[in-house]
Amino acid sequence: MKESPPIKPEKYLSETGIKIPPSGIREFFDIVYTRPDCISLGVGEPDFDTPWRISDSGIYSIKDGYTHYTPNRGLPELREALVKKIKQFINISYDPSADIIITMGVSQGLDLALRSIINPGDEVIIFEPCYVSYKANIEMLHGVSIAVDTIPQEDFQINTERLERAITPRTKALLLNYPSNPTGISINKTKLEEIAKIAIKHDLIVLSDEIYSSINYAGEHVSIASLPGMRERTIYLNGFSKSHAMTGWRLGYVCGPEFLISTMLKIHQYTALCAPSMAQYAALEALENGDKEVQRMITEYIRRRNFIVNGFNEALLPCRTPDGAFYVFPDIRSTGLSSREFALKLLDSKSVAVVPGNVFGNAGEGHIRCSYATSIENIREALSRIEAFVKERPWDF
Ligand code: PLP
């Protein structure tokens, strides 16, 4: 038999597949896995296991034979429970049979939202530093991501003058995330009102990723979707991954005006059919009986947040107190190192893993993201190694 000719990957792969860079976080953590002595402040997920009663509900649903497809939109009882919860939490009314889809995490909700609005060349504004998937998701759809920087001198808050300057006739949407990954900073009502005014003036859709909204220490969480004139132009994204320590269950939801949700539903029908049935039953239990557990985790995050913020400031790396999520974003510019150099040298000399700020966009340069979704003991040890690293300056030798 004749030998087949060698495969030429570039002949088969799509241009998008070739062009898209691997996630900066993953790339970095491939190194971490080779270091067993390493303390990681890098993970972007709760260190808590899913509360047992939630896991049990998923297990019982399998035992009871609920292992089939659910309606494309998701289980009706879960949708109903969710719209009730959303009404209580952020005071927006959604119709469970028209304005919501249960998705495989916020990740899928975001993908559906972007697919339903982007034509090639359309611009979506993101606020860097931001979650690594935003730019990639927009660009995989041949959209153009336009980064508006948020800067440390302005506490990483959105500057609405810079935002307005970035808007062009091709701008379709703004993508917000509050509290933010990686800075932990949230957006208050006054600032949201200013952003809403701009969205209405320029007729833009707002994608509002509020995945960290229940891990919010700043007081009441306000959603931009609840502001006058915004419900009809906002796609509200949320999920169970962070709030209920359910990252592996892959469960989220997306709400919005019917014209957007019905378009997303068509895409969902062809690409996913439905979210996993057992995860939907687990989520129902999380909504009905999970509040105490969520509160327990938040209390622990607050304790760790205060500890890590003090620790960084004592190590002379200025660190803001975050409003929510489980990240701090200390400023490492005083070391003279880039954030990538800092992270690599810290890993090499002290076996502590952090994420370089530049992976979240150029505006993250000069900072590192540290997650406090790990034990106080780990945080204490990591901080003591970081303090020694900053004092010893091993990079000067
Ligand atoms: N949005 C933000 C801001 C995140 O930080 C993450 C995960 O880290 C996601 C979305 C993805 O969430 P999910 O697990 O619901 O897909």
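Residues numbered from 1 in each chain as written. Predicted model: local features only at pLDDT ≥ 70, side-chain atom pairs only at ≥ 80, totals over all residues. Heavy atoms only, no water.

Visitor: Would you take a moment to explain the environment of Ser57 for this structure?
Guide: Relative to the helices and strands, Ser57 resides in helix H4 (residues 52-63). Remark: the alpha-carbon pair of Ser57 and Thr299, spanning 242 residues in sequence, is separated by 25 Å. In contact with Ser57, not counting residues within four places along its chain, are Tyr281, Ala282 and Glu285. (Helix = DSSP H or I, 4+ residues; strand = E, 2+ residues; numbered from the N terminus. Contact = heavy atoms within 4.5 Å.)

Visitor: Looking at this model, I keep getting lost on the nonpolar core. Mind explaining?
Guide: Judged by nonpolar contacts, the single largest core of 76 residues is most densely connected at Leu207, Ile235, Met264, Tyr301, Ile308, Phe312 and Phe342. It is helix H12 (residues 291-314) that contributes the most residues to this core, seven residues altogether. Per-domain counts for this core show at least three residues from each of domain 1 (9-49 + 292-396) and domain 2 (52-289). With near-sequence residues (within four places) excluded, Ile235 lies in contact with Ala113, Ile205, Val206, Leu207, Ser208, Val254, Cys255, Leu260 and Met264. Within the second largest apolar cluster, 27 residues are counted, among which are Tyr236, Tyr253, Ala279 and Leu284. (Core = buried A, V, L, I, M, F, W, Y, C linked by side-chain atoms within 4.5 Å. Buried < 20%, exposed > 50% of the residue type's maximum accessible area, 1.4 Å probe, protein only. Domains from an automatic or database assignment.)

Visitor: Explain the domain arrangement of the protein to me, please; I cannot follow it from the model alone.
Guide: Interfaces are often described in size by the accessible area the parts lose on coming together. We note that the domain assignment places domain 1 (9-49 + 292-396) and domain 2 (52-289) within the protein. Averaged C-alpha coordinates put domain 1 and domain 2 at centres separated by 25 Å. Each partner contributes to the interface: domain 1 provides 34 residues, whereas domain 2 provides 33 residues. Summed over both partners, the interface of domain 1 with domain 2 comes to about 2,800 Å²; 64% of that surface belongs to carbon and sulfur atoms. The three residues of domain 1 that bury the most area against domain 2 are Arg320, Asp323 and Phe360, which together make up 23% of that side's buried surface. Here domain 1 and domain 2 share one salt bridge between them. A salt bridge links Asp155 to Arg320, with the nearest nitrogen and oxygen atoms 2.6 Å apart. (Buried area = accessible area lost by both parts, 1.4 Å probe. Salt bridge = Lys/Arg side-chain N within 4 Å of Asp/Glu carboxyl O.)

Visitor: Can you help me understand the environment of Leu284 in this one?
Guide: Its location among the elements puts Leu284 in helix H11 (residues 277-289). Taking C-alpha positions, Leu284 is 30 Å from Gly42, a pair spaced 242 residues apart along the chain. When neighbours within four sequence positions are excluded, Leu284 is seen to be in contact with Glu77, Leu78 and Ala81.

Visitor: How should I be thinking about unusual backbone geometry in this particular structure?
Guide: Glycine aside, residues mostly have negative phi, and peptide bonds are mostly found in the trans state. A cis geometry characterises the amide bond from Glu128 onward to Pro129, with omega recorded as 0°. In this fold, Pro129 is placed in the loop between strand E3 (123-128) and helix H7 (133-140). Look at the link from Tyr178 to Pro179: it is a cis peptide, with omega at -10°. Structurally, the position occupied by Pro179 is in the loop between strand E5 (171-177) and helix H9 (189-201). At Ala245, a residue that is not glycine, the phi angle is positive and equals roughly 50°. Given the relative accessible area of 6%, Ala245 is considered buried. The backbone phi angle of Leu316 is positive, close to 65°, even though this residue is not glycine. Mapped onto the elements, Leu316 comes out in the loop between H12 and strand E9 (327-328). Assessed through its relative accessible area of 67%, Leu316 is described here as exposed.

Visitor: Would you explain the packing of helix H6 (residues 105-117) against H7 in this entry?
Guide: Two quantities define a packed helix pair, namely the angle between the axes and the distance from one axis to the other. Packing of H6 against H7 leaves a shortest axis separation of 10 Å and a crossing angle of 40°. The orientation of H6 with respect to H7, classified from their angle, is oblique. Along this stretch, H6 crosses H7, giving a crossing that reads as right-handed. Of the residues in H7, those touching H6 at Leu110, Asp111 and Leu114 are Tyr134, Asn137 and Ile138. (Axes fitted to C-alpha atoms, helices over the stretch in contact; angles between N-to-C directions. Parallel < 35°, antiparallel > 145°, perpendicular 65-115°, else oblique. Left-handed = near helix turned anticlockwise from the far one by under 90°.)

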